[in-house]
Amino acid sequence: MSSRKVLDQLREYESRNVTFIESDGSWPIVWERARGVQVWDSEGKRYLDLTAAFGVSAAGHANPRVVSAGRRQMGKLLHAMGDVHPHALKAQLARELSRVTFERWTKAKPKAGKVTAKTIFCNSGFEAVEAALKTALLATSKPGVIAFEGRIMGSVTAR
């Protein structure tokens, strides 16, 4: 599907506050495929991806090791409803995140009764900001936050 057609369909069917589309169609670039740090649009034009796709492609697009690991996991278990029926990998990831952040920064080693890092797995930046606001409330018991007037609404930028 051509970039123009994709953008036309987004204008027609997607809420206008999700994807910013330049009126002349020059933005955004409609990605078709990617490998390593290269991305191609549906017309075959090549770009250098400096976004890392919000961090999920930090190892490079279509990285063979990442693809292989994903295939292995999907062959065993695609989704475990981690907040309802967790999988061992969720616990292992939470443990590793504590090790490479909190424990490294504080030189703390987890022991019985010792404070460890806590992880909240989120699906989006919005959810992460909401979790941060709730965590701040729980940690401080202070109900207020500093807010700026203007184009920001909660954790979403207004257009």
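Everything discussed here concerns the structure shown above.
Residues numbered from 1 in each chain as written. Predicted model: local features only at pLDDT ≥ 70, side-chain atom pairs only at ≥ 80, totals over all residues. Heavy atoms only, no water.

Colleague: Tell me about the overall build of the protein, and please be specific about residues and values.
Modeller: A count of helical and extended segments in the protein gives 4 helices and 5 strands. Looking at the protein as a whole, 11% of its 159 residues qualify as buried. Counted over contacts in the protein with a minimum sequence separation of 6, partners at least 24 positions apart contribute 25%. When the accessible surface of the protein is split by element, carbon and sulfur atoms take 59% of a total near 13200 Å². (Helix = DSSP H or I, 4+ residues; strand = E, 2+ residues; numbered from the N terminus. Buried < 20%, exposed > 50% of the residue type's maximum accessible area, 1.4 Å probe, protein only. Contact = heavy atoms within 4.5 Å. Areas by Shrake-Rupley, 256 points an atom, 1.4 Å probe, with all protein chains shown as cover.)

Colleague: Any details on the packing of aromatic side chains? Residues and values, ideally.
Modeller: The tally for this structure, following the rule as stated, stands at 0 aromatic pairs. The ring of W40 is capped by R33, whose NZ or CZ atom sits 4.1 Å from the centre of that ring. (Phe/Tyr/Trp six-rings, centres within 6.5 Å; stacked < 30°, edge-to-face > 60°. Lys NZ or Arg CZ within 6 Å of the ring centre and 35° of its normal.)

Colleague: Explain the environment of W40 residue by residue, including any values.
Modeller: For W40, the position within the fold is in strand β2 (residues 38-41). Sequence spacing of W40 and I29 is 11 residues, and the spatial spacing of their C-alpha atoms is 9.0 Å.

Colleague: For the pairing of strand β1 (residues 31-35), give the residues involved together with the corresponding values.
Modeller: Each regular strand displays side chains that alternate between the two surfaces of the sheet. Pairing of β1 with β2, which is carried by 4 bridges, proceeds in the antiparallel orientation. From the neighbouring strand, W31 faces β2, where its bridge partner is D41. (Pairing = 2+ DSSP bridges.)

Colleague: Can you break down the pairing of β2 residue by residue, with the values?
Modeller: The turn linking β1 back onto β2 is made up of 2 residues, and G36 within it adopts a positive phi angle of 60 degrees. As paired strands, β2 and strand β3 (residues 46-48) are joined by 3 bridges and run antiparallel to one another. Paired with Q38 across the strands is L48, a residue of β3. Adjacent in sequence and paired antiparallel, β2 and β3 are bridged by 4 residues, among which G44 carries a positive phi angle near 90 degrees.

Colleague: Tell me about helix α3 (residues 88-106), and name the residues and values.
Modeller: With 19 residues, α3 ought to run about 27 Å at 1.5 Å a step, and its terminal C-alpha atoms sit 26 Å apart, in line with that. The largest bend in α3 amounts to roughly 35 degrees and is located at R99. Just past α3, the residue K107 takes up positive phi, approximately 60 degrees. (Expected span 1.5 Å × (residues − 1). Bend = angle between axes of the 7 residues up to and from the residue.)

Colleague: Outline the pattern of salt bridges, listing residues and values.
Modeller: Opposite charge on two side chains permits them to pair, given that their charged atoms come into close proximity. Scanning the model with the defined rule gives 3 salt bridges in all. A salt bridge links D8 to R11; its shortest N-O distance comes to 3.2 Å. With D8 and R11 both in helix α1 (residues 3-13) and 3 residues apart, the pair spans about one turn of that helix. Relative accessible area serves as the criterion here: at 36%, D8 is assigned to the partly exposed category. (Salt bridge = Lys/Arg side-chain N within 4 Å of Asp/Glu carboxyl O.)

Colleague: Please set out helix α2 (residues 64-76) residue by residue, giving values where relevant.
Modeller: Over its 13 residues, α2 extends 19 Å from the first C-alpha to the last, a length consistent with the 18 Å expected when each residue adds 1.5 Å. The N-cap residue of α2 is N63: its side-chain oxygen and the backbone nitrogen of R65 are 2.9 Å apart. (Polar contact = N/O pair within 3.5 Å; in protein donor to acceptor, adjacent residues only side chain to side chain.)

Colleague: Talk me through the environment of E103; I want residue IDs and the actual numbers.
Modeller: Along the chain, E103 falls in helix α3. Residue class for E103 comes out buried when judged on its relative accessible area of 6%. Here the alpha-carbon distance between E103 and A117, two residues 14 residues apart in the chain, equals 7.6 Å. A polar contact is formed between the side chain of E103 and the side chain of R95, at a distance of 2.7 Å. A distance of 2.7 Å separates polar atoms of two side chains, one belonging to E103 and the other to S98.

Purely geometric numbers; function is a separate question.
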